Amino acid sequence: MISQAMVLAAGEGRRLRPLTNHTPKPLIQIGDKTMLDHTLDQLAGIGVTCCVVNTYHLADQIHTHLQRRSRPEIVISNESELLNTGGGITNALPYFKGKPFFALNADIWWQDAHQSCLYQLNEHWDSTKMDALLLLVPKEKAIGFEGAGDYFLSNDGRITHRGDKLSAPYIFSGIRILHPRLLADQKVHPFSIVPFFHKAESKGRLYGVAFDGKWGDIGTLESLQAVREANLLCATMP
């Protein structure tokens, strides 16, 4: 198993204001857990022993919260400016020592169906042919999502971005495995990782796995409410 990970927890959560004026987005509760704890518990459950958590907005609250955890081991990557996904991950690459790692957004909720989606990703990972492996959610099953979709998934597992097409059947879940070479030689500065997914796609090194469980993106107050309702329903099911 891949034993190292990163959780992206630095964002300001602007679309969740006023809630995020005083509470960092990763510490918002879904049921009896914060989104951050949900993610870290899932990582610990599949054997991840060390996790980098990047912080920026209301960082002290996240740092204090993480002191209560014993596993996985937490390494804080505090940012003096918001580095976005690409910059934040690039800033943390030295911790991974050239080896692949899980990278997860801290503003998502999911409920696995038959097995851990993280275990499923790990089973599909192949460093010899992949630079990135994304967990994809069928668009019609995503909770709180209203968009055109992101990717097409081929039979061999390679994925292609929607581009100028009107829609695509899968959306990116915010859960992936990355190899550090995806961002090789990049300087630390604010930038998105998305163009590097496109670059990997052009080389035939961008792959995906379809998720069969429940998933929701907590991007707005409305989607937060929808996810909380879905979580409550899952909790009451036998």
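Residues numbered from 1 in each chain as written. Predicted model: local features only at pLDDT ≥ 70, side-chain atom pairs only at ≥ 80, totals over all residues. Heavy atoms only, no water.

*Asks:* So what about helix α2 (residues 59-66)? Which residues, and what values?
*Replies:* Looking only at α2, the buried set comprises A59, I62, H65 and L66. An end-on view of α2 places all buried positions within 125° of arc, on one side of the element. Buried positions along α2 lie against β3 (33-34), α1 (35-45), β4 (50-55) and β5 (73-78). (Buried < 20%, exposed > 50% of the residue type's maximum accessible area, 1.4 Å probe, protein only. Helix = DSSP H or I, 4+ residues; strand = E, 2+ residues; numbered from the N terminus. Arc of directions from axis to C-beta. Contact = heavy atoms within 4.5 Å.)

*Asks:* An account of the sheet that holds strand β9 (residues 142-143) is requested, with residue identities and associated values reported.
*Replies:* Taken together, the three strands give an open sheet; going across it, the order is β7-β14-β9, and neighbouring strands pair in mixed fashion. What marks the edges here is a single partner per strand, and that holds for β7 (108-111) and β9. Here four bridges tie β7 to strand β14 (residues 214-217), and the two strands are oriented antiparallel to one another. Residue pairing across strands places Q111 opposite K214, the latter belonging to β14. (Pairing = 2+ DSSP bridges.)

*Asks:* Outline the environment of P72, listing residues and values.
*Replies:* Its place among the elements puts P72 in the loop between α2 and β5. For the pair P72 and A5, spaced 67 residues apart in sequence, the C-alpha separation works out to 9.5 Å.

*Asks:* I'd like to hear about the pattern of salt bridges, residue by residue, with values.
*Replies:* What the rule picks out here adds up to eight salt bridges. Here D107 and K25 are joined by a salt bridge, their closest N and O atoms 2.9 Å apart. With a gap of 82 residues between them, D107 in the loop between β6 (101-105) and β7 and K25 in the loop between β1 (4-8) and β2 (29-30) connect regions that are remote in the sequence. K25 shares its class with D107; the two are buried. Here D131 makes a salt bridge to R181, at a shortest N to O gap of 2.5 Å. Taken as a pair, D131 in the loop between α4 (117-124) and β8 (132-138) and R181 in the loop between β12 (170-178) and α5 (194-202) lie far apart in primary sequence, 50 residues in all. Accessibility expressed as a relative area gives 7% for D131, which makes it buried. (Salt bridge = Lys/Arg side-chain N within 4 Å of Asp/Glu carboxyl O.)

*Asks:* Give me the lowdown on the nonpolar core, citing residues and values where you can.
*Replies:* The biggest cluster of nonpolar side chains holds 35 residues, and the ones touching the most others in it are L43, F102, W110, L118 and I175. When neighbours within four sequence positions are excluded, L118 is seen to be in contact with Q42, L43, I46, F102, L104, W110 and I175. Within the second largest apolar cluster, 26 residues are counted, among which are M6, L8, Y170 and F196. (Core = buried A, V, L, I, M, F, W, Y, C linked by side-chain atoms within 4.5 Å.)

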